[in-house]
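Inside the fold
The primary structure of each chain is shown beneath.
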Amino acid sequence: MTTHSSTTEVAGEPARGEDRQGFDEITILWISEGMSCDGDTVSLTAADQPSIEDLVLGLIPGLPKVNLVNKVLSPSLGGEDFLAPYRAAARGDLAPFILVIEGSIPNQNIIEGDGYWTSFGNDPETGEPQPLNSWIDQLAPKAWAVVAAGTCATFGGIHAMAGNPTGSMGLADYLGWDYRSQGGLPVVNVPGCPIQPENFMETLVWVLYHAAGSAPPPPLDHMLRPQWLFGKTVHEGCDRGSYYEQASFAKDYNSPKCLVKTGCWGPVVNCNVPKRGWMAGIGGCPNVGGICIGCTMPGFPDAFMPFMDEPPGGTLSSLAIKPYGAVIRRLRGMTNELVNHEPRWRHNKRKLTSGYDPHWRP
C-alpha cells in the first residue's frame, strides 16, 4: 500500500505541523450482520451526492482508491470467497481498512457461549457460525477507522429497547466510548432508522479525505455524531416550523400545520432530514406529513413512545405559545392585507400621481 505525506490537524486543535501519512488505497469492510434489517445498506444505494458508484469508480477527486466489500453490493460468489478480505484483515494481512458496522451489537456474555445471537460466516476451525462479536473483537483494533451506520449500530436502536432479551447495544457501548482506531478516531456514529443516504456518504467521504491526508478528522458531538449534520433540530429545518410559532397545530395527519400535538418530537430531536430531504432533496418525515419519532437519538425508541401520543413537553409549550401565536397571526394578517393591494398611483387616468417630479435635481 503506497502512502504520501500531508500536514493535518486535529479538529478543535491547532495544526501540529507534523507530517501524517495519507493512503492512496483503502478497503471498506461493511458488516451488516448486527441485529438489523439491512435497511441502512438499502438506503445507501439511494445516495447521489455523492453516490456509492461515484465512490467505488474513483470519480471523486482527491480520495484514495476505494475497495468496497458489502454483501448486497458485492460481485463475489459468496461464502468464503466473499469472506476472504475479512479474514485477511483479521490476520493483519489487509491494511488499511475502514470497518463499517450495521445493526446493534448483542451481548454474547449473557448466554455464556451457549449459542449466538447473530453470526457472520462460519468459524474455519470449528465449522460453527462465527458470532458478530468475535469479528468486531478481531477487526476493530486493526481498523484505521470504525463507522457505525444507522441507529441500531450507533445506539442500539429497536433491538436494544426495554425488555429485549439480547442485551443489544451500540458499537461505542461495546467497544467503549474511549475507543480509538488505528487512525486515532473514535467510533464515528451516523444514526438514522435508516441512515439518510447523503448524511452517511458525506461522513464517509470526510473520513476518506482524512485517510488521504487532505482533511482534518470529522468534528463529532458528545454522542460521536457529525456536528454539521446533527447540530440542529428537526424543528429548525422543518417546513411546518412557522405554524408552531403561530400556534397553528394540526389535529389530524391531513393538515399542513405543525404536527407537535399529533405526536411529533421535532423540536427536541437532532436531525437534518426535513431540511435535506430524503432522496434527491425530496421528502423528510414532517415535510410529507409524517411525525418525527426521534430515530436519530440515543434514547430511541423508548424515550419517544407511544409514537402517536403528544410529547409531554408539547402540551405545555403549545399552551404557552397560544397567546403569542394569536397576536402574531392577527398582526401578520393585517400586514398581509395591507401589502396585498397595489399602490394607488397605478392607474390609466390622465394625471400622473406616482410622485414623479421632472424638475427635481440632486
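Definitions and limits used
Residues numbered from 1 in each chain as written. Predicted model: local features only at pLDDT ≥ 70, side-chain atom pairs only at ≥ 80, totals over all residues. Heavy atoms only, no water. Helix = DSSP H or I, 4+ residues; strand = E, 2+ residues; numbered from the N terminus. Buried < 20%, exposed > 50% of the residue type's maximum accessible area, 1.4 Å probe, protein only. Polar contact = N/O pair within 3.5 Å; in protein donor to acceptor, adjacent residues only side chain to side chain. Contact = heavy atoms within 4.5 Å. Salt bridge = Lys/Arg side-chain N within 4 Å of Asp/Glu carboxyl O. Core = buried A, V, L, I, M, F, W, Y, C linked by side-chain atoms within 4.5 Å. pLDDT = per-residue confidence, 0-100. Patch = residues over 30% accessible without salt bridge, like charges linked within 9 Å, V, L, I, M, F, W, Y side chains within 5 Å. Areas by Shrake-Rupley, 256 points an atom, 1.4 Å probe, with all protein chains shown as cover. Pairing = 2+ DSSP bridges. Axes fitted to C-alpha atoms, helices over the stretch in contact; angles between N-to-C directions. Parallel < 35°, antiparallel > 145°, perpendicular 65-115°, else oblique. Left-handed = near helix turned anticlockwise from the far one by under 90°. Nonpolar A, V, L, I, M, F, W, Y, C, P; charged D, E, K, R; others polar. Lys, Arg positive; Asp, Glu negative; His and termini not counted. Charge placed at Lys NZ, Arg CZ, Asp CG, Glu CD.

Some points on the side chain of Gln130
Structurally, Gln130 can be placed in strand S7 (residues 129-131). Judged by relative accessible area, which is 6%, Gln130 ranks as buried. Within the local environment of Gln130, its side chain forms a polar contact with the side chain of Ser134, the two groups lying 3.4 Å apart. Ignoring any residue separated from it by four or fewer positions in sequence, one finds Gln130 in contact with Arg87, Thr118, Ser119, Phe120, Gly121, Asn122, Asp123, Pro124, Trp135 and Gln138.

Some thoughts on the pattern of salt bridges
Inspection of every chain in the model, using the stated rule, returns nine salt bridges. The salt bridge partner of Lys71 is Asp38, with a shortest N-O separation of 3.2 Å. Remark: Asp38 occurs in the loop between strand S3 (25-31) and helix H1 (39-44) and Lys71 occurs in the loop between strand S4 (65-69) and helix H3 (79-91); sequence separation between them is 33 residues. Measuring nitrogen to oxygen at the nearest pair gives 3.3 Å for the salt bridge that ties Glu245 to Arg332.

Remarks on unusual backbone geometry
Of note, the bond from Cys193 into Pro194 is cis; its omega dihedral lies within 30 degrees of zero at 5°. Considering the arrangement of structural elements, one finds Pro194 in the loop between strand S9 (188-190) and helix H7 (197-212). The amide bond that connects Met305 to the next residue, Pro306, takes the cis arrangement and shows omega of -5°. Phi angles above zero are rare outside glycine, and Asp38 is one such case at about 65°. Non-glycine residue Leu224 carries a positive phi angle of around 65°. By secondary structure assignment, the location of Leu224 is in the loop between H7 and helix H8 (227-230). For Leu224, a relative accessible area of 10% puts it in the buried group.

With respect to the nonpolar core
Ranked by internal contacts, the top residues of the largest apolar core, which has 57 residues, are Ile31, Leu55, Tyr86, Ile98, Leu99, Leu139 and Phe200. Top contributing element to this core by residue count: H7, with seven residues. If near-sequence neighbours (up to four positions away) are discounted, Phe200 is found in contact with Trp30, Leu44, Val100, Val147, Ala149, Val190 and Ile195. Of all hydrophobic cores here, the second largest spans 14 residues; its members include Leu259, Val269, Ile291 and Cys295.

Overview of the confidence of the model for the protein chain
Summarising the model, the protein chain shows a mean pLDDT of 90, and 94% of its residues fall at 70 or more. The low-confidence segment residues 5-18, where pLDDT is below 50, has 27 contacts with residues more than four positions distant or belonging to other chains.

Focus on a nonpolar patch on the surface
Among the surface-exposed residues, Val56, Leu57 and Leu59 lie close enough to one another that they form a single nonpolar patch of about 300 Å² accessible area. Counting through the fold element by element, Val56 comes out in helix H2 (residues 52-56).

Looking at the environment of Gly299
Mapped onto the secondary structure, Gly299 falls in the loop between helix H10 (273-276) and helix H11 (312-339). As a C-alpha pair, Gly299 and Ser318 span 19 residues in sequence and 23 Å in three-dimensional space.

Points about the pairing of S3
A large share of S3 lies buried, amounting to six of its seven residues. Strand direction decides the pairing type here: S3 and S4, joined by five bridges, are parallel. Bridge pairing in S4 places Ile26 opposite Val66. Bridge count between S3 and strand S5 (residues 97-102): five bridges; the pairing is parallel.

A look at the packing of H3 against helix H4 (residues 132-139)
Remark: H3 packs on H4, axes separated minimally by 8 Å, with the N-to-C direction vectors making an angle of 50°. Between H3 and H4, the angle falls in the class oblique. Like other packed secondary-structure pairs, H3 and H4 cross with a definite hand, here left-handed. Side by side, H3 and H4 meet where Leu83, Tyr86, Arg87, Ala89 and Ala90 of the first sit next to Trp135, Gln138 and Leu139 of the second. Considered class by class, the residues forming the contact of H3 with H4 number six nonpolar, one polar and one charged.

Things to note about a positive patch on the surface
A contiguous patch of positive charge, built from Lys251, Lys257, Lys322 and Arg329, is present on the exposed surface. Tracing the sequence through the fold places Lys257 in the loop between helix H9 (241-245) and H10.

Points about the pairing of S5
With six of its six residues buried, S5 lies for the most part within the structure. In S5, alternate side chains face the same way, and those of Phe97, Leu99 and Ile101 on one face and Ile98, Val100 and Glu102 on the other are all buried. Here five bridges tie S5 to strand S8 (residues 145-149), and the two strands are oriented parallel to one another. Considered in S8, the bridge of Ile98 is made with Ala145.

Examining the sheet that holds S3
Pairing is parallel across the open sheet formed by five strands, whose spatial order is S4-S3-S5-S8-S9. With one partner strand each, in any of the chains shown, S4 and S9 form the two edges of the open sheet. Along the sheet, successive strands turn relative to each other by an average axial angle of 20°, direction set aside. Docked against the sheet, H3 engages S3, S4 and S5, running at close to 110° with respect to S3.

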